[in-house]
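# A look at the structure
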Amino acid sequence: MAEIREVFAGGWLGKGPRTSAFEAAFAAHLGVAADRLVSLNSCTEGLFLAMELLDIGPGDEVVLPSVSFVGAANAVAARHGTPVFCDVDPSTLNPSAAHIAARLTTATRAVLVLHYGGYPGDIENIAALCRDRGIPLVEDAACAVASRASGTACGTFGEIGLWSFDPMKVLVTGDGGMLYARDPETARRAAELAYLGLRQVSGYAQAGNGGRWWDFQVGPFGRRSITNDIAAAIGSVQLEKLPSFVRRRREITHWYHGRLAGVAGLRRPAPPPPGHEPSYYFYWVQMDRRIRDEVATRLYRRGIYTSFRYAPLHLVGAYGPQPPLPGAERASEETLCIPLHQGLDDSQLDTVATELTAAVTEQCELAGIERS
Ligand SMILES: *Cc1c(COP(=O)(O)O)cnc(C)c1O
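Small disclaimer: the values here were computed from a predicted structure and weren't measured. (Residues numbered from 1 in each chain as written. Predicted model: local features only at pLDDT ≥ 70, side-chain atom pairs only at ≥ 80, totals over all residues. Heavy atoms only, no water.)

## Brief notes about unusual backbone geometry
Cis geometry marks the peptide bond from Arg309 to Tyr310, where omega comes out at -10°. Turning to its location among the elements, Tyr310 is positioned in the loop between helix 9 (289-301) and helix 10 (326-334). Unusually for a residue other than glycine, Leu93 sits at a positive phi of about 65°. The residue Leu93 is located in the loop between strand 3 (82-86) and helix 5 (97-101) in this model. (Helix = DSSP H or I, 4+ residues; strand = E, 2+ residues; numbered from the N terminus.)

Below you can see the structure in the form of structure tokens.
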């Protein structure tokens, strides 16, 4: 609140020095040069910009996991490209390099992956595959604000990376996003597209020096996707708190993992492999598909909100006919994401675990499911 007050005291709420400071701090957090980052008003806007920067158009295929955020597929389809959905590992809900490779064709113009639940997944092999095939890799790192694989920040493995700071994420600014481009010229084009495609002829910095500083030219037909200094001020403070957020999320994840061990009828996600540092964005459990929805309903009635992210996009009619993807379909039938937030206290976690255990036990019995 003190930082927001400072913004108001300065009399300028729009994009300005706070935004530049947040970009610089976020670049340091990722370990990239600040001129590769462009702050945005949302990650979805970044996904749309990414498809524009890669010039995706009719006939171009973009391979993405079926278990993706809806905006990723929309970004492809809005440019009349073809979203080509690949399968995922039913337990990690991330695709492997082999899942991606199976869907590559001569028409593939990009691969677009996310990091399910903030877990890096098979990103190193996926990046190597894309490099070998000369296919640009876009990372939707919305869930992976603090995730690293072998020391490299998720979102910086490919050509373009995107982050979200929307109200549901680990680092929240109200609304906001960030775009990373490996190539500085791509970052410059992204910044131009994010601000109406304006090319200042003289520029406001030249005001009063003679000439018409209000004149401009337009390069690309850009939109207005910039953020503001209020959101950036929040972001800078959140970034300082990020390590403590992730620490508490890791603690909660480990706590669930221990507490839910041995609950008959319930499977837990495997711990990440060595060298992978997740953001612990989701915790999920898996169970027989015959009881999953009933368990969710029972928990909801007991005041515990659970959900499944992200409903498989290959089953969404708008993207056209798609082949079946057994891993994604299985995951979507058996998985429940349970509450995980740094703001949860120990007694709330205990309630979740107790209610979940009771719901699974009861529903297994009702459905006559042999619990193993
Ligand atoms: C939240 C989310 C987005 C969208 O972010 P916005 O900033 O709300 O546009 C994109 N991808 C994934 C994986 C997300 O979880």
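## Things to note about the environment of Glu52
Tracing the chain through its elements places Glu52 in helix 3 (residues 43-53). C-alpha of Glu52 to C-alpha of Pro273: the two residues are 221 residues apart in sequence and 35 Å apart in space. Glu52 has contacts with Arg79, Arg189, Leu193, Phe221 and Arg223, leaving out every residue within four places of it along the chain. (Contact = heavy atoms within 4.5 Å.)

## Some words on helix 11 (residues 346-367)
For helix 11, spanning 22 residues, the distance from its first C-alpha to its last is 31 Å, which sits close to the expected 32 Å at 1.5 Å a residue. Leu349, Val352, Ala353, Glu355, Leu356, Ala359, Val360, Gln363 and Cys364 are the residues of helix 11 that are buried. Turning to helix 11, the residues buried within the fold contact helix 8 (229-259), strand 13 (283-286), helix 9 and strand 14 (335-338). (Expected span 1.5 Å × (residues − 1). Buried < 20%, exposed > 50% of the residue type's maximum accessible area, 1.4 Å probe, protein only.)

## As for the packing of helix 8 against helix 11
For the pair helix 8 and helix 11, the least separation of the axes is 11 Å and the interaxial angle reads 35°. The two elements helix 8 and helix 11 meet at a crossing, and its hand is right-handed. Together, Arg248, Ile252, Trp255, Tyr256 and Arg259 of helix 8 and Asp346, Leu349, Asp350, Val352, Ala353 and Thr354 of helix 11 make up the contact between the two elements. Across the contact of helix 8 with helix 11, the residue classes break down as 6 nonpolar, 1 polar and 4 charged. (Axes fitted to C-alpha atoms, helices over the stretch in contact; angles between N-to-C directions. Left-handed = near helix turned anticlockwise from the far one by under 90°. Nonpolar A, V, L, I, M, F, W, Y, C, P; charged D, E, K, R; others polar.)

## Overview of helix 4 (residues 70-77)
When helix 4 is considered as a whole, its buried residues turn out to be Gly71, Ala72, Ala73, Ala75 and Val76. In the core, the buried residues of helix 4 are packed alongside helix 3, strand 2 (61-65), strand 3 and strand 4 (108-114).

## What to know about the site of the ligand
Surrounding the ligand, one finds 13 residues, the nearest of these being Thr44, Asp140, Ser164, Asp166 and Lys169. Here an oxygen atom of the ligand sits 2.7 Å away from a polar atom, N or O, in the side chain of Ser164. Contact distances for the ligand include 3.2 Å between an oxygen atom and a side-chain N or O atom of Lys169. Relative to its unbound accessible surface of 380 Å², the ligand loses 92% to contact with the protein. (Near = heavy atom within 4 Å. Polar contact = N/O pair within 3.5 Å; in protein donor to acceptor, adjacent residues only side chain to side chain. Areas by Shrake-Rupley, 256 points an atom, 1.4 Å probe, with all protein chains shown as cover.)

## Comments concerning the pattern of salt bridges
The tally for this structure, following the rule as stated, stands at 21 salt bridges. One salt bridge in this structure joins Arg188 and Glu192, with 3.1 Å as the shortest N-O distance. Taken as a pair, Arg188 and Glu192 lie in helix 7 (residues 184-193) at a separation of 4 residues, close to a single helical turn. You can call Arg188 partly exposed: its relative accessible area is 38%. Glu192 gets classed as buried once you look at its relative accessible area, which sits at 9%. The salt bridge partner of Glu355 is Arg302, with a shortest N-O separation of 2.9 Å. Within this pair, whereas Glu355 is found in helix 11, its partner Arg302 is found in the loop between helix 9 and helix 10, the two being separated by 53 residues in sequence. Looking at Glu355, the relative accessible area reads 13%, which means it is buried. Overall, the relative accessible area of 52% leaves Arg302 in the exposed class. (Salt bridge = Lys/Arg side-chain N within 4 Å of Asp/Glu carboxyl O.)

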